[in-house]
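Each chain is listed here by its residues.
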Amino acid sequence: MDTKAEKLELMQLLLNTDSADVLKKVKALLKKAVAQTDTDHLLSTKANREHLATSIEQLNKGKGKAIKTADLWK
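Right, let's walk through the structure included here. None of the values given here were measured: they were computed from a predicted structure.

## What to know about the environment of Gln 36
At step 1: Along the chain, Gln 36 falls in helix H2 (residues 20–42).
At step 2: At a separation of 2.7 Å, a polar atom in the side chain of Gln 36 contacts the side chain of Asp 40.

Now the structure itself:
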């Protein structure tokens, strides 16, 4: 079975389930996969890794500044 067919079969199974527990577990797995993809991207280059390390070091030294999300676009 090819990957596309497997995905379609999985989607059909999910569409036909009434189990909240199954859906909750699938959501958790998908969130974990997305988070891992984001992490992989952030750590994909030396420059990104160095920038993140510097930022973490600054936060650990108390040099962070709390801001509201809404203020980011002002």
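The rest of the description comes next.
## Some words on a nonpolar patch on the surface
At step 1: Judged by side-chain polarity, Ile 67, Leu 72 and Trp 73 come together as a nonpolar surface patch covering roughly 420 Å² of accessible area.
At step 2: By the secondary structure assignment, Trp 73 is in the segment after helix H3 (46–60).

## Focus: helix H1 (residues 3–16)
Every α-helical turn comprises 3.6 residues, leaving residues that sit three or four positions apart pointing alike.
At step 1: The end-to-end C-alpha distance of H1 is 20 Å, a good match for the 20 Å that 14 residues give at a rise of 1.5 Å each.
At step 2: Counting buried positions over the 14 residues of H1 gives zero, only a small fraction of the element.

## Some thoughts on the pattern of salt bridges
It is possible for side chains of opposite charge to pair when their charged atoms get near one another.
At step 1: All told, the structure shown has three salt bridges when counted by the stated rule.
At step 2: Residue Lys 25 pairs with Asp 21 through a salt bridge whose shortest N-O separation is 3.4 Å. Taken together, the residues Lys 25 and Asp 21, both in helix H2 and four residues apart, mark about one turn of the helix.
At step 3: Glu 50 is the salt-bridge partner of Lys 46, the closest N and O atoms lying 3.8 Å from each other. Separated by four residues within a single helix, Lys 46 and Glu 50 lie in helix H3, roughly one turn from each other.
At step 4: In this structure Glu 50 comes out as partly exposed when scored by relative accessible area, which is 45%.

## Section: the environment of Ala 53
At step 1: Inspection of the secondary structure assignment puts Ala 53 in helix H3.
At step 2: Take Ala 53: its relative accessible area is 44%, and that puts it in the partly exposed class.

Conventions we followed
- Residues numbered from 1 in each chain as written.
- Predicted model: local features only at pLDDT ≥ 70, side-chain atom pairs only at ≥ 80, totals over all residues.
- Heavy atoms only, no water.
- Helix = DSSP H or I, 4+ residues; strand = E, 2+ residues; numbered from the N terminus.
- Polar contact = N/O pair within 3.5 Å; in protein donor to acceptor, adjacent residues only side chain to side chain.
- Patch = residues over 30% accessible without salt bridge, like charges linked within 9 Å, V, L, I, M, F, W, Y side chains within 5 Å.
- Areas by Shrake-Rupley, 256 points an atom, 1.4 Å probe, with all protein chains shown as cover.
- Salt bridge = Lys/Arg side-chain N within 4 Å of Asp/Glu carboxyl O.
- Expected span 1.5 Å × (residues − 1).
- Buried < 20%, exposed > 50% of the residue type's maximum accessible area, 1.4 Å probe, protein only.

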